[in-house]
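Each chain is listed here by its residues.
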Amino acid sequence: MKFTARLPDGSVNVPHTHPLVELAWLGAGLAVAAVAVFVVLGWAGEYAAARLPVAYEDWLGARVAGTFPGQESPGLAGRVERLVATSPPGSPLHAYRFRVVVVDRPDVNAVAVPGGTIAVFRGLLDQARSGNELDMVLAHELGHFAHRDHLRNLGRGLGPVVLGLVLFGRDSAVSELVANLCLTLEARYSREQEAAADRFAVDLLVAANGHAGGAVDLFRRLAAEAGPSLPYVLASHPHPADRIRQIEARIASRGYPVRPTEPLDRPAGRPPSE
Amino acid sequence: MLEIVLNNLGLFLFVGLAVLGYFAGGLAERRHYRSIREREAELVHLPVVSSEDILPDRPVARSCLVTGSVVVSIDYFKRILASLRNLFGGRVGAYETLVDRARREAVLRMKEQARRRGACMVLNLRLETAVVGRSADKKRGLGSVEVVAYGTALVPPRG
């Protein structure tokens, strides 16, 4: 047998795709899979969270209680109690034991924290001029509790977090980044959620006070003040002009009376000694 | 900016290592293939067969064992590519070039040894492979692979 010297043919054992092309294809596949899982897990998380019993929510609330450190305000808690007492007997609000915490932050905002805590930022209290305005803000947050919006967003955020944990592991920077982005208690609500909470708030305000006075006062002031540095509430909530229009439409369609508000003699939430 | 980098150090390290792996690993691979092709052309006239009983048509004075062994490591970029491939299945091209280089390099080293011994032919070529390194069988480690080529070198009488 004759031996013929021949160079090895390298063409069969190595791929002929450029590694970056392969990376792009695999990355695109991963992105499509991630989006699919994100949507499915987000939907499942939201579905489950919206049906979470209040007792379990309290357990969750005890674990996130330190997120908004502040002073408990018995005055504001009293207002919440009065609002809850006037809500219909079937309302899920009766299952909660609400507390109101005043957080020393300049943002004009309030947050519904799982477990029945309403965190009100100092900036909002400084803006409030009447008890009716405070009732409106608190009733708006109660609306988020009644519709379980605060849990829906948390449940939706669980999707990408679980995905990150599965793909990258527990001690990975990617998982941590995703968790920081998605598991925030200050999650933004959708436009519809905010509008529904506003409608809920007007109804509750009228049930408690007998009239809708003060429902739009705070938003009016914010809209007028909105300069180059928009307060936080403007960034995370729908435009105040839209909210005012929708709230006034609600008041008009239900025929709610609007009477003068009761002004606050001192900035809300501050103890009398100050 | 610095704060963002420091807060997500792991992530930036990951991307940085991947970029480093792509360029450094790519450069090493191109240079290695160039060297492999040159040496293969140089040693092409030394026959190596996997058969046991093909004898050359000239007298053989003695025979000896010749071996060539290579250990290569994957780079970070290849590891990412391969772990993505693990999700979807299919041909792990990132590792194929690596194993191809290791195998051809091992055979070349064996042939170089055979030539130094004055061999005219290598019979019974065998290739073995092993996974090397403490972290090689772990999920998160960078693994290395060893390829050993060995065969029987036939040396013709002197003169």
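Novice: I tried to follow the layout of surface pockets on my own but got confused; where do I start?
Specialist: Think of a ball as big as a water molecule: rolled over the atoms, this probe shows where empty space is left. Reported here for the second largest pocket is a volume of approximately 560 Å³. A:Arg6, A:Pro8, B:Val48, B:Val107 and B:Lys111 are the residues nearest the centre of the second largest pocket, which is lined by 22 residues in total. For the lining of the second largest pocket, the secondary-structure elements that each account for two or more residues are helix 4 (93-116) and strand 2 (121-132) of chain B. Per-element tally for the lining of the second largest pocket: the top contributor is helix 4 of chain B, with six residues.

Novice: Honestly, helix 2 (residues 9-42) of chain B in this entry has me stumped. Any pointers?
Specialist: Count 3.6 residues to each turn of an α-helix, and residues three or four apart come out pointing the same way. A rise of 1.5 Å per residue sets the reference length of helix 2 of chain B, with its 34 residues, at 50 Å; its end C-alpha atoms lie 48 Å apart and thus fit the reference within 8%. Among the residues of helix 2 of chain B, B:Ala18, B:Gly21, B:Tyr22, B:Gly25, B:Glu29, B:His32, B:Tyr33, B:Ile36, B:Arg39 and B:Glu40 are the ones counted as buried. On its buried side, helix 2 of chain B packs onto helix 1 (19-50) of chain A together with helix 3 (76-88) and helix 4 of chain B.

Novice: Would you explain the packing of aromatic side chains in this entry?
Specialist: Here a ring pair, both rings aromatic, is described through the centre-centre distance and the interplanar angle of the planes. Under the defined criterion, the tally for this structure stands at eight aromatic pairs over all chains. Between A:Phe98 and A:Phe145, the ring centres sit 5.1 Å apart and the planes meet at 75°, which makes this aromatic pair edge-to-face. Taken together, the residues span a long stretch of sequence, with A:Phe98 in the loop between helix 3 (74-86) and strand 2 (99-103) and A:Phe145 in helix 5 (residues 131-146) at a distance of 47 residues. Of the residues examined, A:Phe145 reaches a relative accessible area of 0% and is grouped as buried. On the numbers, 4.9 Å between centres and 65° between planes, the contact of B:Tyr22 with B:Phe77 is edge-to-face. With B:Tyr22 in helix 2 and B:Phe77 in helix 3, this residue pair connects regions lying 55 residues apart in the sequence. Note on accessibility: B:Tyr22 and B:Phe77 belong to one class, buried.

Novice: Would you explain the packing of helix 3 of chain B against helix 4 of chain B in this entry?
Specialist: Packed helix pairs are characterised by how far apart their axes lie and by the angle those axes make with each other. Residues and elements named next belong to chain B. Contact pair helix 3 / helix 4: the axes reach a minimum separation of 8 Å and the direction vectors enclose 130°. Viewed along their axes, helix 3 and helix 4 adopt a mutual orientation that is oblique. Listed contacts from helix 4 to Lys78, Arg79, Leu81 and Ala82 of helix 3 are Ala94, Tyr95, Thr97 and Leu98. Looking at the contact of helix 3 with helix 4 residue by residue, the class counts come to five nonpolar, one polar and two charged.

Novice: Looking at this structure, I do not really get the sheet that holds strand 1 (residues 62-73) of chain B. What am I missing?
Specialist: In a beta sheet, neighbouring strands pair by backbone hydrogen bonds and run either parallel or antiparallel. Residues and elements named next belong to chain B. Taken in spatial order, the three strands make up an open sheet running 1-3-2, and their pairing is antiparallel. Every interior strand has two partners, whereas the edge strands, strand 1 and strand 2, have only one. Strand-to-strand twist across the sheet, computed as the mean angle between neighbouring axes with direction ignored, equals 15°. Bridge analysis of strand 2 against strand 3 (residues 144-155) gives ten bridges, and the strand direction is antiparallel. The partner of valine 132 across the bridge, within strand 3, is serine 144. This element, helix 4, spans strand 1, strand 2 and strand 3 of the sheet and lies at about 150° to strand 1.

Each value, and the rule that gives it
Residues numbered from 1 in each chain as written. Chains lettered and ligands numbered in written order. Predicted model: local features only at pLDDT ≥ 70, side-chain atom pairs only at ≥ 80, totals over all residues. Heavy atoms only, no water. 1 Å grid on protein atoms, 1.4 Å probe; cavity = no way out; pocket = protein on both sides within 12 Å on 5 of 7 lines; lining within 4 Å. Points joined across faces, edges and corners; volume = space filled by probe spheres on them. Helix = DSSP H or I, 4+ residues; strand = E, 2+ residues; numbered from the N terminus. Expected span 1.5 Å × (residues − 1). Buried < 20%, exposed > 50% of the residue type's maximum accessible area, 1.4 Å probe, protein only. Contact = heavy atoms within 4.5 Å. Phe/Tyr/Trp six-rings, centres within 6.5 Å; stacked < 30°, edge-to-face > 60°. Axes fitted to C-alpha atoms, helices over the stretch in contact; angles between N-to-C directions. Parallel < 35°, antiparallel > 145°, perpendicular 65-115°, else oblique. Nonpolar A, V, L, I, M, F, W, Y, C, P; charged D, E, K, R; others polar. Pairing = 2+ DSSP bridges.

All we've got here are geometric facts, nothing functional implied.
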